[in-house]
Amino acid sequence: MPSSDSNHIEKSFAKDFLSLKAIFEFVGKFSVSNKLNDSQVFSIKFAIEEVFTNMVKYNPGNTHVTISLNREGKKLKVGFVDAEEKPFDITKKEDVNPSLSIEKRRPGGLGIFLIKKLMDDVEYAHDGKYSRIILTKLVE
Amino acid sequence: MSDFKIHHREGEGVNVLELKGYLDAHTAPDLENAFQQLLNEKRYRIVVNFKDLSYISSAGLGVFMAYIEDVRKNKGDIKLTNMTPKVYNVFDLLGFPILYEIYKDEKEAIGKFKDGKKQ
């Protein structure tokens, strides 16, 4: 069941790229009630899309991902819960090197690198059944 | 909200793609198709105008990476223009300004093709 108040909102989304429109609306609603600026909203949408699409692409086993947004003073926390037997810790993913030429760059890794740049903290936990990711963005 | 549109026009031998809306994992294939169609028609002088692009994700950024080498091998280029600060920021974080020519406005980018720097 979706839950919400002005500082906390949570909803499950079908694992499909088509869900992105609903996810952006979900973020938009929270952003208005929490008076986030355009730059903050852009970063949050970007980070959510990257984590969500990774879950769609690499863990297609279950059908839904639960996403939550939680404002705690100056901290905005974005949570993801995904049923996943094999852990994939995004914090361990090797960073891309932005100074490399096109010829030397390998595909992939752009999204996770940018999550780390656009958000202030990335936490990953796995309990044997679920992967839980919490992204933190400091907001004024 | 996450609608995405591409408007293609051509003038003076340069193909301009105007992007509008949200370029995300769901809509990135539309941009891939647009680039692929230009390459199929051997049109390698390409300017992408970002004026009305509200949002881009790594899926969208990856499309530019996927086509730039093929375009340059054919003596063309993909030049980028009119980015908003939010969109420019993600290009900048990835070091894309050293990989792509990025201009403030479309006329300037078209002018660079006319200067004959890259045909």
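Residues numbered from 1 in each chain as written. Chains lettered and ligands numbered in written order. Predicted model: local features only at pLDDT ≥ 70, side-chain atom pairs only at ≥ 80, totals over all residues. Heavy atoms only, no water.

(A) Local environment of the packing of aromatic side chains. Residue and element names in this part refer to chain B. Scanning the model with the defined rule gives 12 aromatic pairs over all chains in all. When the ring of Tyr 22 is compared with that of Tyr 55, the centres are 5.1 Å apart and the planes differ by 25 degrees; the resulting orientation is stacked. With Tyr 22 in strand E2 (residues 14–23) and Tyr 55 in strand E3 (residues 45–56), this pair connects stretches of sequence that are 33 residues apart. One exposure class covers both Tyr 22 and Tyr 55, and it is buried. Pairwise contacts between aromatic rings join Phe 35, Phe 50, Phe 64, Tyr 67, Phe 91, Phe 96 and Tyr 100 into one cluster. When the ring centre of Tyr 100 is taken as origin, the NZ or CZ atom of Arg 72, which lies over that ring, is 5.8 Å away. Lys 79 extends its terminal NZ or CZ atom over the ring of Phe 113, reaching a point 4.6 Å from the ring centre. (Phe/Tyr/Trp six-rings, centres within 6.5 Å; stacked < 30°, edge-to-face > 60°. Helix = DSSP H or I, 4+ residues; strand = E, 2+ residues; numbered from the N terminus. Buried < 20%, exposed > 50% of the residue type's maximum accessible area, 1.4 Å probe, protein only. Lys NZ or Arg CZ within 6 Å of the ring centre and 35° of its normal.)

(B) Representation of helix H3 (residues 110–118) of chain A in the model. Along H3 of chain A, seven of the nine residues are buried, which leaves the element largely enclosed by surrounding structure. Listed in full, the buried residues belonging to H3 of chain A are Leu 110, Gly 111, Ile 112, Phe 113, Leu 114, Ile 115 and Leu 118 of chain A.

(C) Spatial organisation of the interface of chain B and chain A. With 28 residues of chain B at the contact, the number on the chain A side is 28 residues. Interface area for chain B against chain A, summed over the two sides, is near 2,300 Å², with a carbon-plus-sulfur share of 72%. Viewed at the interface, chain A and chain B are joined by zero salt bridges. Our count for the chain B to chain A interface comes out at six residue pairs in polar contact (both at pLDDT 80 or more). At the level of secondary structure, the elements contributing two or more residues to the side of chain B that touches chain A comprise E3, helix H2 (58–73) and helix H3 (85–93) of chain B. It is H2 of chain B that contributes the most residues to the side of chain B that touches chain A, seven residues altogether. (Contact = heavy atoms within 4.5 Å. Buried area = accessible area lost by both parts, 1.4 Å probe. Salt bridge = Lys/Arg side-chain N within 4 Å of Asp/Glu carboxyl O. Polar contact = N/O pair within 3.5 Å; in protein donor to acceptor, adjacent residues only side chain to side chain.)

Just distances and angles here, no functional claims.
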